[in-house]
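# Structural features, examined
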Amino acid sequence: VSEFNGLYRGWRGQLVRRELAQVVVTWFCTVPALLLLAFSTKVSATYSRVVIMGWFLAAPVSMLFFRILVRFALQELRRQGRNSRTAVIVGMTRSAQKLADQMKDPTFGLRLVGFYDDRI
């Protein structure tokens, strides 16, 4: 479910709330599948309901906390000039200039090398 929802791809330049929303959506898709699997294989009685509910609540909170922690660590590294990528923009238009202005934010970790444009 996580792969399908795109949680394993890079989130450079994406909003934090979008990533966190994807974690929550993924978790709420995973929980019914796990419950169905547990009931259909008749192993649900083996586990304590308190432990299961605790895990169902603690796991997404832990995932959200970990992702926020990693994101802030990466932002700090990028502010220091580490974990950055080089980028170029093809075309010199107003929208290209707006994109270049947005890329100036050091937390994205993108270094703009320049523009390529074949117009004279």
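All values derive from a computational prediction rather than experimental measurement.

Conventions used here
Residues numbered from 1 in each chain as written. Predicted model: local features only at pLDDT ≥ 70, side-chain atom pairs only at ≥ 80, totals over all residues. Heavy atoms only, no water. Pairing = 2+ DSSP bridges. Helix = DSSP H or I, 4+ residues; strand = E, 2+ residues; numbered from the N terminus. Right-handed = clockwise from strand over helix to strand, strands pointing away. Phe/Tyr/Trp six-rings, centres within 6.5 Å; stacked < 30°, edge-to-face > 60°. Buried < 20%, exposed > 50% of the residue type's maximum accessible area, 1.4 Å probe, protein only.

### Side note on the pairing of strand 2 (residues 110-116)
Relative to strand 2, strand 1 (residues 85-90) is paired through six bridges, and the arrangement is parallel. Paired with Ile89 across the two strands is Phe115, which belongs to strand 2. Taken together, strand 1, helix 3 (residues 94-103) and strand 2 constitute a β-α-β crossover, and its handedness is right-handed.

### As for the packing of aromatic side chains
If you walk through the whole model with that rule in mind, you get three aromatic pairs. For the ring pair Trp27 and Phe56, a centre distance of 6.3 Å and an interplane angle of 65° mean the geometry is edge-to-face. Residue Trp27 is found in helix 1 (residues 16-40), and its partner Phe56 is found in helix 2 (residues 49-79); the two are separated by 29 residues along the sequence. Summarising the burial analysis for this pair, Trp27 and Phe56 share the class buried. Look at Phe56 and you get buried, because its relative accessible area is 11%.

Purely geometric stuff here, so don't read any function into it on its own.
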